[in-house]
Amino acid sequence: MINLSVTLSNVRLQNPVIAASGCFGYGEEFRDFYDINLLGAFSCKGTTLHPRFGNPTPRIAETNGGMINSVGLQNPGIEAVTATELPRLFAHYQQPLLANISGFSREEYTACCEQISAIDGVSIVELNISCPNVHGGGMSFGADAACAAAVTAACKAVCKKPLYVKLSPNVTNIAEIAKAVEAAGADGLSLINTLLAMRINTKTRKPILANTFGGLSGPAIFPVALRMVYQVYDAVKIPIIGLGGVSSAGDVIEMMMAGASAVQVGAATLTDPFACKKIIDALPETLQTLGIEDINEIIGAAH
Ligand SMILES: Cc1cc2nc3c(=O)[nH]c(=O)nc-3n(C[C@H](O)[C@H](O)[C@H](O)COP(=O)(O)O)c2cc1C
């Protein structure tokens, strides 16, 4: 019997496959497809203090091997998530939940973190620091080590659960940001978020996305994500959740060999709602073919 279970800061996952934020809603839509209790965990849609309608449309552009989105953190806000979305989820979901939160100021982040981390079914808070800081000229919190560390420390001070910081790949030196966030008290890291990208409609000669730019995800970014997980593993001691373009059991194994303790699956679910289930189903045989009995033995094996 091959062991698939892993732990993230004392939170046990029955397998390392986590549905990524923004690609699994609050779980409800996927109940029609399969029992989502077979997941290792899932990360809910990025939740903010106030409801957000998101960016104007069009906000999705397809590209070879991936997609670009500028959804803009559409979500019903923390009150509705607490009162409606999470109780509905917990009525049928018993596996760990990562509460993914976002903000546009340090105060918004901390208020959201304090509230959501107090909820019983929330196992880990995942802090998405790819958002623009309205008090910092709109530059993303995750683009600057000092800014990333400051928001991490502020959230850590009020967080009642392990705090995982989700890093932006749109930086020159990801290891430097990872180290700053670790020193500020993060219990773990998730990486990567989407890569800044665009497409142009050659007939209209205008950007396809109403927002001009968006975030690239999907198989096209897998080698970039893998490289960043590999670099960050060498730089920090806290656990890493690897993501970016993962779409097969082989990708999960590669990501873990680079240094991830668990793996998230995002855009793959948007092309095939069964993606996470298929990956979980394929893992034992794929590991067996490689002579691996315990998935934990491969974490960081490529170093
Ligand atoms: C439509 C869409 C919405 C997303 N929304 C969020 C979000 O709310 N919070 C977040 O941290 N990441 C969000 N992401 C980023 C994903 O969680 C993931 O980091 C990224 O897409 C790379 O992984 P993938 O290639 O497997 O999709 C979103 C991605 C997509 C495609």
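Rules used in this analysis
- Residues numbered from 1 in each chain as written.
- Predicted model: local features only at pLDDT ≥ 70, side-chain atom pairs only at ≥ 80, totals over all residues.
- Heavy atoms only, no water.
- Pairing = 2+ DSSP bridges.
- Helix = DSSP H or I, 4+ residues; strand = E, 2+ residues; numbered from the N terminus.
- Axes fitted to C-alpha atoms, helices over the stretch in contact; angles between N-to-C directions.
- Contact = heavy atoms within 4.5 Å.
- 1 Å grid on protein atoms, 1.4 Å probe; cavity = no way out; pocket = protein on both sides within 12 Å on 5 of 7 lines; lining within 4 Å.
- Points joined across faces, edges and corners; volume = space filled by probe spheres on them.
- Nonpolar A, V, L, I, M, F, W, Y, C, P; charged D, E, K, R; others polar.
- Parallel < 35°, antiparallel > 145°, perpendicular 65-115°, else oblique.
- Phe/Tyr/Trp six-rings, centres within 6.5 Å; stacked < 30°, edge-to-face > 60°.
- Buried < 20%, exposed > 50% of the residue type's maximum accessible area, 1.4 Å probe, protein only.
- Near = heavy atom within 4 Å.
- Polar contact = N/O pair within 3.5 Å; in protein donor to acceptor, adjacent residues only side chain to side chain.
- Areas by Shrake-Rupley, 256 points an atom, 1.4 Å probe, with all protein chains shown as cover.

## A word on the sheet that holds strand E10 (residues 188-191)
Okay, so step 1: What the 8 strands build is a closed barrel, ordered E3-E4-E7-E8-E9-E10-E15-E16; its pairing is parallel. The sheet shows a mean angle of 25 degrees between the axes of neighbouring strands, direction not considered.
Okay, so step 2: By the bridge criterion, 3 bridges tie strand E3 (residues 17-19) to strand E16 (residues 262-265) in an arrangement that is parallel. Within E16, the position partnered with Ala-19 by the bridge is Val-265.
Okay, so step 3: Against the sheet, helix H2 (residues 106-117) makes contact with strand E7 (97-101), strand E8 (122-128) and strand E9 (163-166), and its axis sits at roughly 165 degrees relative to E8, the strand it touches most.

## Section: empty space enclosed by the protein
Okay, so step 1: Inspection of the entire model under this criterion finds 1 cavity of 30 Å³ or more.
Okay, so step 2: Empty space within the largest cavity amounts to approximately 30 Å³.
Okay, so step 3: Surrounding the largest cavity, Gly-218, Pro-219, Gly-245, Val-246, Ser-247, Gly-266, Ala-267 and Ala-268 form its lining.
Okay, so step 4: When the residues that make up the lining of the largest cavity are grouped by side-chain class, the tally is 4 nonpolar, 4 polar and no charged.

## Observations concerning the packing of helix H5 (residues 222-235) against helix H6 (residues 249-258)
Okay, so step 1: Contact pair H5 / H6: the axes reach a minimum separation of 8 Å and the direction vectors enclose 30 degrees. Here H6 runs roughly parallel to H5, going by the angle between their axes. Between H5 and H6, the residues in contact are Phe-222, Ala-225, Leu-226, Val-229, Tyr-230 and Tyr-233 and Asp-251, Glu-254, Met-255 and Ala-258, respectively.
Okay, so step 2: Per-class residue counts for the contact of H5 with H6 are 8 nonpolar, no polar and 2 charged.

## Quick look at the packing of aromatic side chains
Okay, so step 1: For the structure shown, the criterion picks out 7 aromatic pairs.
Okay, so step 2: Each ring, one from Phe-24 and one from Phe-42, has its centre 5.1 Å from the other, and the planes form 50 degrees; the classification is tilted. Residue Phe-24 is found in the loop between E3 and strand E4 (41-43), and its partner Phe-42 is found in strand E4; the two are separated by 18 residues along the sequence. Exposure class is identical for Phe-24 and Phe-42. Each is buried.

## So, the site of the ligand
Okay, so step 1: Close to the ligand lie 23 residues, the nearest being Ser-21, Lys-166, Gly-218, Gly-245 and Ala-267.
Okay, so step 2: Within the side chain of Lys-45, a nitrogen or oxygen atom sits 3.0 Å from an oxygen atom of the ligand.
Okay, so step 3: For the ligand, whose accessible area on its own is 600 Å², the fraction buried by protein is 96%.
Okay, so step 4: Classifying every residue of the shell around the ligand gives 8 nonpolar, 13 polar and 2 charged.

## Comments concerning the environment of Glu-126
Okay, so step 1: Among the structural elements, Glu-126 can be located in strand E8.
Okay, so step 2: C-alpha of Glu-126 to C-alpha of Thr-289: the two residues are 163 residues apart in sequence and 33 Å apart in space.
Okay, so step 3: If sequence neighbours within four positions are ignored, Glu-126 has contacts with Ser-21, Ser-43, Leu-98, Ala-99, Asn-100, Ile-101, Tyr-164, Lys-166, Ser-190 and Gln-264.
Okay, so step 4: Separated by 2.9 Å, the side chains of Glu-126 and Gln-264 make a polar contact.

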